[in-house]
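Spelled out, the chains give:
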Amino acid sequence: MCAESFKEFADAMEKGTSAHDVASKALNEHWNVIFNGDGYSEEWPVEAEKRGLLNVASGIEALANIGSDKNIALFEKMS
């Protein structure tokens, strides 16, 4: 996911968009993932759900999701 985002940033800047504009656009589009609280508190899972974010609580759960269609498509796109 990070590699794909960095590629999109680089592509935009190579086409002449300023780094400031690229960063501003990314922040505006993805502000919902920024949480300045304690990610280990009981508050975070509630906040993540309100924002529509997947909250993976364990490595085992994360590994179970790695083979999702969305992730496979991303890996194929970036390989």
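Cut-offs and rules
- Residues numbered from 1 in each chain as written.
- Predicted model: local features only at pLDDT ≥ 70, side-chain atom pairs only at ≥ 80, totals over all residues.
- Heavy atoms only, no water.
- Helix = DSSP H or I, 4+ residues; strand = E, 2+ residues; numbered from the N terminus.
- Rg over C-alpha atoms; globule rule 2.2 N^0.38 Å.
- Expected span 1.5 Å × (residues − 1).
- Patch = residues over 30% accessible without salt bridge, like charges linked within 9 Å, V, L, I, M, F, W, Y side chains within 5 Å.
- Areas by Shrake-Rupley, 256 points an atom, 1.4 Å probe, with all protein chains shown as cover.
- Salt bridge = Lys/Arg side-chain N within 4 Å of Asp/Glu carboxyl O.
- Buried < 20%, exposed > 50% of the residue type's maximum accessible area, 1.4 Å probe, protein only.
- Polar contact = N/O pair within 3.5 Å; in protein donor to acceptor, adjacent residues only side chain to side chain.
- pLDDT = per-residue confidence, 0-100.
- Axes fitted to C-alpha atoms, helices over the stretch in contact; angles between N-to-C directions.
- Parallel < 35°, antiparallel > 145°, perpendicular 65-115°, else oblique.
- Left-handed = near helix turned anticlockwise from the far one by under 90°.
- Contact = heavy atoms within 4.5 Å.

Some points on the overall build of the chain
Moving on, step 1. Secondary structure assignment for the chain yields 5 helices and 0 strands.
Moving on, step 2. Along the chain, from the amino end to the carboxyl end, the secondary structure elements read α-α-α-α-α.
Moving on, step 3. A globule of 79 residues ought to have a C-alpha radius of gyration of about 12 Å, yet the chain, at 16 Å, is considerably larger.
Moving on, step 4. Projected onto its principal axes, the C-alpha positions of the chain cover 45 × 30 × 15 Å.

Overview of helix H1 (residues 2-14)
Moving on, step 1. The first and last C-alpha atoms of H1 sit 18 Å apart over 13 residues, in line with the 18 Å expected at 1.5 Å per residue.
Moving on, step 2. Just beyond H1, the residue with positive phi is Gly16, at close to 110 degrees.

Topic: a nonpolar patch on the surface
Moving on, step 1. Together, Leu27, Trp31, Val33 and Ile34 make up an exposed nonpolar region whose accessible area comes to about 380 Å².
Moving on, step 2. If you trace the backbone, Ile34 turns up in the loop between helix H2 (19-30) and helix H3 (43-50).

Here's the deal with the side chain of Glu47
Moving on, step 1. Here Glu47 shows up in helix H3.
Moving on, step 2. Residue classification places Glu47 among the buried positions, given a relative accessible area of 19%.
Moving on, step 3. Within polar-contact distance, the side chain of Glu47 engages the side chain of Arg51 at 2.8 Å.

Side note on the pattern of salt bridges
Note that side chains of opposite charge can pair when their charged atoms are close.
Moving on, step 1. A full pass over the atoms with the stated rule returns 5 salt bridges.
Moving on, step 2. Notably, a salt bridge pairs Lys77 with Glu4, separated by 2.6 Å at the nearest N-O pair. Residue Lys77 is found in helix H5 (residues 69-78), and its partner Glu4 is found in helix H1; the two are separated by 73 residues along the sequence.
Moving on, step 3. A relative accessible area of 18% places Glu4 in the buried class.
Moving on, step 4. Here Arg51 and Glu47 are joined by a salt bridge, their closest N and O atoms 2.8 Å apart.

Focus: the confidence of the model for the chain
Moving on, step 1. Here the chain shows a mean pLDDT of 88. Residues at 70 or above account for 99%.
Moving on, step 2. Across the chain, the element-wise mean pLDDT spans from 86 in H5 up to 93 in H2.

Here's the deal with the packing of H1 against H5
Moving on, step 1. Closest axis-to-axis distance for the H1/H5 pair is 10 Å, and the angle between their directions is 50 degrees. As judged from the angle between their axes, H1 and H5 are oblique. The way H1 lies across H5 gives a crossing that is left-handed. Of the residues in H5, those touching H1 at Ala3, Glu4 and Lys7 are Leu74, Lys77 and Met78.

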